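Coordinate analysis (summary)
Chain by chain, the residues:
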Amino acid sequence: NLGSEDIIQDISVIHTRENETADAYIERFANSNKDKLSITVVTSDSLIRQLAMGSNCMVISSQDFEKEVEKEKQALIETYKLD
């Protein structure tokens, strides 16, 4: 498994390569792109949160991310509600 990346509505979904943990990928990616990109890491892991913040990434907890997705979903439902 060489890993892969899918882009879904401007969100990159990374499937890490064989024997690479998601944590290792996040740390490497954040460090190598901290000056080039605006990165948001969704995690509830305290170590990854600290590593990401140390690389100037925005961090949001998994629970807060889920709430934001649900809020946006409800807003879309209201916007496009059919009578």
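Here the structure is shown first, and the text comes after it.
Everything in this summary refers to the structure shown in the same document. (Residues numbered from 1 in each chain as written. Predicted model: local features only at pLDDT ≥ 70, side-chain atom pairs only at ≥ 80, totals over all residues. Heavy atoms only, no water.)

A few words now on unusual backbone geometry. The phi torsion at Gln9 lies on the positive side, around 50 degrees, for a residue other than glycine. Turning to its location among the elements, Gln9 is positioned in the loop between β1 (4–8) and β2 (11–15). Gln9 gets classed as exposed once you look at its relative accessible area, which sits at 74%. Phi at Asn19 is positive, roughly 65 degrees, even though this residue is not glycine. Along the polypeptide, Asn19 turns up in the loop between β2 and α1 (22–33). A relative accessible area of 78% means that Asn19 is categorised as exposed. (Helix = DSSP H or I, 4+ residues; strand = E, 2+ residues; numbered from the N terminus. Buried < 20%, exposed > 50% of the residue type's maximum accessible area, 1.4 Å probe, protein only.)

Topologically, Ser55 is positioned in the loop between α2 (46–54) and β4 (58–60). Sequence-distant contacts of Ser55, that is, excluding residues within four places in its chain, are made with Ala30, Asn31 and Lys34. (Contact = heavy atoms within 4.5 Å.)

To continue, consider the pattern of salt bridges. Counted under the stated rule, the structure contains three salt bridges. Note that Glu20 is salt-bridged to Arg28, the shortest N-O span being 2.6 Å. Judged by its relative accessible area of 14%, Glu20 is buried. Across the salt bridge formed by Lys81 and Glu78, the nearest N and O atoms sit 3.7 Å from each other. By relative accessible area, Glu78 is classed as exposed at 52%. (Salt bridge = Lys/Arg side-chain N within 4 Å of Asp/Glu carboxyl O.)

A word on the pairing of β2. Examined bridge by bridge, β1 and β2 share five bridges and lie antiparallel to one another. Across the sheet, residue Ile7 finds its bridge partner in β2, namely Ser12. Once β1 ends, the chain turns through two residues before running back antiparallel as β2, passing Gln9 with a positive phi of about 50 degrees. (Pairing = 2+ DSSP bridges.)

Functional significance is not addressed by these values, which are geometric in nature.
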